[in-house]
Amino acid sequence: MKNNIKHLSLILTFLFVFSIPVSAANTEVRVTNVVDAGTDGDERFYTVYCSNGKSAALVKRYTIGEVCTRPSYADKDICRVWSVDEAALESCK
């Protein structure tokens, strides 16, 4: 009986130790929705919703071809020539 408990304890410890990295890998934040909020002049506005509950705004400027966003890790806007999808992914980081 003691031998069975020892084996069960070893198995449970093994499962616990190897389940932590697997669960950490599945916590990647994803874009869940991008909503077109309309235009104002030569700019189109979007709201990005992330799987972690956060949201961000995107601005696509047609005359200069940039999309701007401010991810939660940044203290200023990031503007690049990239697609709305790429900017949305960056916003959810």
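Placed above this text is the structure.
Everything numeric in this text was worked out from a predicted model, so none of it was measured. (Residues numbered from 1 in each chain as written. Predicted model: local features only at pLDDT ≥ 70, side-chain atom pairs only at ≥ 80, totals over all residues. Heavy atoms only, no water.)

A. Expanded view of the environment of Tyr-46. Relative to the elements of secondary structure, Tyr-46 occurs in strand 2 (residues 43-50). The exposure class of Tyr-46 is buried, given its relative accessible area of 14%. Measuring from C-alpha to C-alpha, the distance between Tyr-46 and Ala-56 comes to 8.4 Å, with ten residues separating the pair along the chain. Once residues within four sequence positions are removed from consideration, Tyr-46 is found in contact with Val-34, Val-35, Asp-36, Ala-37, Ala-56, Ala-57, Leu-58, Lys-60 and Val-84. (Helix = DSSP H or I, 4+ residues; strand = E, 2+ residues; numbered from the N terminus. Buried < 20%, exposed > 50% of the residue type's maximum accessible area, 1.4 Å probe, protein only. Contact = heavy atoms within 4.5 Å.)

B. Molecular detail of the nonpolar core. With twelve residues, the main nonpolar core is built from Tyr-46, Val-48, Cys-50, Leu-58, Val-67, Ala-74, Ile-78, Trp-82, Val-84, Ala-87, Ala-88 and Cys-92. Elements represented by at least two residues in this core include exactly strand 2 and helix 2 (84-91). Look past the residues within four positions of Val-48 in its chain and what remains in contact with it is Val-31, Asn-33, Val-34, Lys-54, Ser-55, Ala-56, Leu-58, Ala-88 and Cys-92. (Core = buried A, V, L, I, M, F, W, Y, C linked by side-chain atoms within 4.5 Å.)

C. Examining the pattern of salt bridges more closely. For the structure shown, the criterion picks out four salt bridges. In this structure, the salt-bridge partner of Arg-44 is Asp-36, at a minimum N-O distance of 2.7 Å. For Asp-36, a relative accessible area of 43% puts it in the partly exposed group. We note a salt bridge from Asp-77 to Arg-70, for which the minimum N-O separation is 3.1 Å. (Salt bridge = Lys/Arg side-chain N within 4 Å of Asp/Glu carboxyl O.)

D. How the structure looks around the state of the cysteines. Applying the stated rule across the entire model yields two disulfides. Between Cys-50 and Cys-92 runs a disulfide, and the two sulfur atoms are separated by 2.0 Å. With the S-S dihedral at roughly -85°, the linkage between Cys-50 and Cys-92 falls on the left-handed side. With Cys-50 in strand 2 and Cys-92 in the segment after helix 2, this residue pair connects regions lying 42 residues apart in the sequence. Just as Cys-50 is buried, Cys-92 falls in that class too. The disulfide partner of Cys-68 is Cys-79, and the S-S distance across this bridge is 2.0 Å. Handedness here is read from the sign of the S-S torsion; for Cys-68 and Cys-79, about 120°, the answer is right-handed. (Disulfide = S-S within 2.5 Å.)

E. Inspection of the side chain of Glu-43 at higher detail. Here Glu-43 shows up in strand 2. Within the structure, the side chain of Glu-43 is placed 2.9 Å from the side chain of Arg-61, a separation counted as a polar contact. For Glu-43, the contacting residues outside a window of four places in its chain are Gly-38, Val-59, Lys-60, Arg-61 and Tyr-62. (Polar contact = N/O pair within 3.5 Å; in protein donor to acceptor, adjacent residues only side chain to side chain.)

F. Quick look at the sheet that holds strand 2. Strand order in the open sheet formed by five strands is 1-2-3-4-5, and the pairing between neighbours is antiparallel. Strands with a single pairing partner mark the edges of an open sheet, and in this sheet they are strand 1 (31-40) and strand 5 (78-80). Recorded for the sheet is a direction-independent mean angle of 20° between the axes of neighbouring strands. As paired elements, strand 1 and strand 2 share eight bridges and run antiparallel to each other. Directly across from Gly-38, in strand 2, lies its bridge partner Phe-45. The strands touched by helix 2 within the sheet are strand 1, strand 2, strand 3 (55-61) and strand 4 (66-69), with strand 3 carrying the most contacts at an inclination of about 150°. (Pairing = 2+ DSSP bridges. Axes fitted to C-alpha atoms, helices over the stretch in contact; angles between N-to-C directions.)

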